[in-house]
Amino acid sequence: MNHNDATRGRFITFEGIDGAGKSTHIGHVIALLEGAGKTVVSTREPGGTPLGEKLRDLVLHEKMHLETEALLMFASRREHVAQVIAPALARGEWVLSDRFTDASFAYQGGGRGLDRAKLDALEEWVHPHLQPDLTLLFDVPLDVARARLAATRTLDKFEMEQADFFARVRAEYLRRAAQSGGRIVVIDSTQSIAGVRMALQAALEPWL
Ligand code: TYD
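Residues numbered from 1 in each chain as written. Predicted model: local features only at pLDDT ≥ 70, side-chain atom pairs only at ≥ 80, totals over all residues. Heavy atoms only, no water.

### Things to note about the site of the ligand
Okay, step 1: Every one of the 18 residues lining the ligand counts as a neighbour, but Asp18, Arg56, Arg99, Ser104 and Gln108 are closest to it.
Okay, step 2: Here an oxygen atom of the ligand and a side-chain polar atom of Arg77 are 3.1 Å apart.
Okay, step 3: Gln108 places a side-chain nitrogen or oxygen 2.7 Å from a nitrogen atom of the ligand.
Okay, step 4: In the complex, the protein chains occlude 92% of the 550 Å² of accessible area that the ligand would expose alone.
Okay, step 5: Going through the elements one at a time, helix H1 (22-35), helix H2 (50-61), helix H3 (66-90) and helix H4 (101-111) are the ones with two or more residues in the shell around the ligand.
Okay, step 6: Looking at the shell around the ligand, the element that brings in the most residues is H4, giving four residues.
Okay, step 7: Across the shell around the ligand, the residue classes break down as six nonpolar, three polar and nine charged. (Near = heavy atom within 4 Å. Polar contact = N/O pair within 3.5 Å; in protein donor to acceptor, adjacent residues only side chain to side chain. Areas by Shrake-Rupley, 256 points an atom, 1.4 Å probe, with all protein chains shown as cover. Helix = DSSP H or I, 4+ residues; strand = E, 2+ residues; numbered from the N terminus. Nonpolar A, V, L, I, M, F, W, Y, C, P; charged D, E, K, R; others polar.)

Right under this line is the structure:
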């Protein structure tokens, strides 16, 4: 897939530790892009296809070996790229995904300690020529994220992890952001909703 092809759509992903608030803001980004005349496809991982949603249910609720977990994330992603992401980009649509491969590096790599080389190999297998054009990383300190999660819902397998797990996930996200050459934009999600929206507008500006 040629990233310079003007007719190709753009691929934007949303990342952050659980409770960082990304779900609150995806709708706003959809509205901004649609307001700018883009056709937007909104999707998520794990999931995004009928098979992927079945895998999501397994991977978020069943105990399993950490490599099984990583393989299922990438199995769901393989289906998602083939069925949803690549066709939409080829049609010139903008794809917004609530999580993508950065989450595997942060959660299975940073959080669970899976060897990064194995994740590199899976990434190379599943989407060798596809990377997000822009990744919005919603960042908050752990205590803020924990308080938000506790207030909003019943927790899945990942959300029940301990604080040190999320500290490693967050550190890996920030490490990747620092090395991303500008692809990953860190959004300070401790700000008010209005403040976050301004930061999102600024991050999207070069693409509009
Ligand atoms: P999340 O995106 O937070 O959805 P919801 O807002 O509905 O809870 O939940 C997905 C969980 O899956 C999240 O805890 C991170 C985890 N995850 C991984 O561990 N690895 C991955 O590759 C992906 C895509 C998600």
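### Observations concerning the pairing of strand E4 (residues 134-139)
Okay, step 1: For E4, the tally of buried residues reaches six of six residues, placing the bulk of the element in the interior.
Okay, step 2: Of the two faces of E4, the one holding Leu134, Leu136 and Phe138 and the one holding Thr135, Leu137 and Asp139 are both buried throughout.
Okay, step 3: Here strand E1 (residues 11-15) pairs with E4 via four bridges, running parallel. Within E4, the residue paired with Phe14 across the bridge is Leu136.
Okay, step 4: In the sheet, E4 pairs with strand E5 (residues 184-188) via five bridges, with the strands oriented parallel. In the sheet register, Leu136 faces E5, and the bridge partner there is Val185. (Buried < 20%, exposed > 50% of the residue type's maximum accessible area, 1.4 Å probe, protein only. Pairing = 2+ DSSP bridges.)

### Details of the pattern of salt bridges
Pairing between side chains of opposite charge can happen when their charged atoms approach one another.
Okay, step 1: Scanning the model with the defined rule gives 18 salt bridges in all.
Okay, step 2: Among the ionic pairs, Arg99 bridges to Glu15, the shortest N-O distance being 3.8 Å. A residue pair is termed long-range when its members are at least 10 positions apart, and Arg99 in the loop between strand E3 (94-98) and H4 and Glu15 in strand E1 qualify at 84 residues.
Okay, step 3: Using a relative accessible area of 11% as the deciding quantity, one classes Arg99 as buried. (Salt bridge = Lys/Arg side-chain N within 4 Å of Asp/Glu carboxyl O.)

### Digging into the sheet that holds E5
Okay, step 1: Strands sit in the order E2-E3-E1-E4-E5 across an open sheet of five strands; the sheet is parallel. On the outer flanks of this sheet lie strand E2 (40-44) and E5, each paired with one strand and no other. Put simply, the sheet's adjacent strands are angled 20° from each other on average, direction ignored.
Okay, step 2: In the packing of H4 onto the sheet, the strands contacted are E1, E4 and E5, and the crossing angle to E1 comes to about 25°. (Axes fitted to C-alpha atoms, helices over the stretch in contact; angles between N-to-C directions. Contact = heavy atoms within 4.5 Å.)

### Re the environment of Ser104
Okay, step 1: With respect to the secondary-structure elements, Ser104 resides in helix H4.
Okay, step 2: Separated by 35 residues in sequence, Ser104 and Glu69 place their C-alpha atoms 9.5 Å apart.
Okay, step 3: Those residues within four positions of Ser104 in sequence are excluded, and the remaining contacts are Met73, Phe74, Arg77, Gly109 and Leu119.

### A few points about helix H8 (residues 193-204)
Okay, step 1: The first and last C-alpha atoms of H8 sit 16 Å apart over twelve residues, in line with the 16 Å expected at 1.5 Å per residue.
Okay, step 2: When H8 is considered as a whole, its buried residues turn out to be Gly195, Val196, Leu200, Ala203 and Leu204.
Okay, step 3: In this structure, the buried residues of H8 make contact with E1, H1, E4 and E5. (Expected span 1.5 Å × (residues − 1).)

### A few points about the nonpolar core
Okay, step 1: Residues Ile12, Ile17, Tyr107 and Leu136 are the most contacted members of the largest nonpolar core, which totals 37 residues.
Okay, step 2: When residues no more than four places from it in sequence are discounted, the contact partners of Tyr107 are Gly16, Ile17, Asp18, Arg99, Arg112, Phe158, Phe165, Phe166, Val169 and Tyr173.
Okay, step 3: In this structure, Phe11, Val81, Val84 and Ile85 belong to the second largest nonpolar core, which totals ten residues. (Core = buried A, V, L, I, M, F, W, Y, C linked by side-chain atoms within 4.5 Å.)

### Concerning the packing of aromatic side chains
Okay, step 1: All chains considered together, the criterion is met by six aromatic pairs.
Okay, step 2: Connected via pairs of aromatic rings, a cluster forms that spans Tyr107, Phe158, Phe165, Phe166 and Tyr173.
Okay, step 3: Sitting over the face of the ring of Phe74, Arg77 holds its NZ or CZ atom 4.6 Å from the ring centroid.
Okay, step 4: One cation-aromatic arrangement involves Arg176 over Phe105; the distance from NZ or CZ to the ring centre is 3.9 Å. (Phe/Tyr/Trp six-rings, centres within 6.5 Å; stacked < 30°, edge-to-face > 60°. Lys NZ or Arg CZ within 6 Å of the ring centre and 35° of its normal.)

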